[in-house]
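Read off the chains here:
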Amino acid sequence: MISYHDRDMAIATGYGVEKVITDSIAKTIIKQTIVPRFKDNLYFEGATIGLDSIISK
């Protein structure tokens, strides 16, 4: 979930996936992959690379 105006972001995992994408991994993907690109106004790139990071887990 990305809420542009609230400046809030979260990766919500479904049942069964939380063993692979833990809260710690989700936080790392957000902080190291998505946020830096969003700060540079590269929203599509940030979302795409963030999703690629999730899929690669």
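Quick note: structure is the one above.
First things first, this report covers the structure right here in the doc. Since the structure is predicted, the reported quantities are computational estimates derived from the model, not experimental observations.

The rules we used
- Residues numbered from 1 in each chain as written.
- Predicted model: local features only at pLDDT ≥ 70, side-chain atom pairs only at ≥ 80, totals over all residues.
- Heavy atoms only, no water.
- Helix = DSSP H or I, 4+ residues; strand = E, 2+ residues; numbered from the N terminus.
- Contact = heavy atoms within 4.5 Å.
- Expected span 1.5 Å × (residues − 1).
- Bend = angle between axes of the 7 residues up to and from the residue.
- Buried < 20%, exposed > 50% of the residue type's maximum accessible area, 1.4 Å probe, protein only.

Moving on to the side chain of T33. Take T33: it is sitting in helix α1 (residues 23-39). The contact partners of T33, leaving out residues within four places of it in the chain, are T28, I49, G50 and S53.

Looking now at α1. Think of an α-helix as 3.6 residues a turn; residues three or four steps apart then line up on the same face. Helix length check: α1 (17 residues) gives 22 Å between terminal C-alpha atoms against 24 Å at 1.5 Å per residue, within 8%. Along α1, the helix axis deviates most sharply at I30, where the bend reaches about 35 degrees. Listing the buried residues of α1 in full gives A26, I29, I30, T33, I34 and F38. In this fold, the buried residues of α1 make contact with β1 (2-3), β2 (8-9) and α2 (43-56). Note on α1: the residue one or two positions beyond its end, N41, has a positive phi of about 60 degrees.

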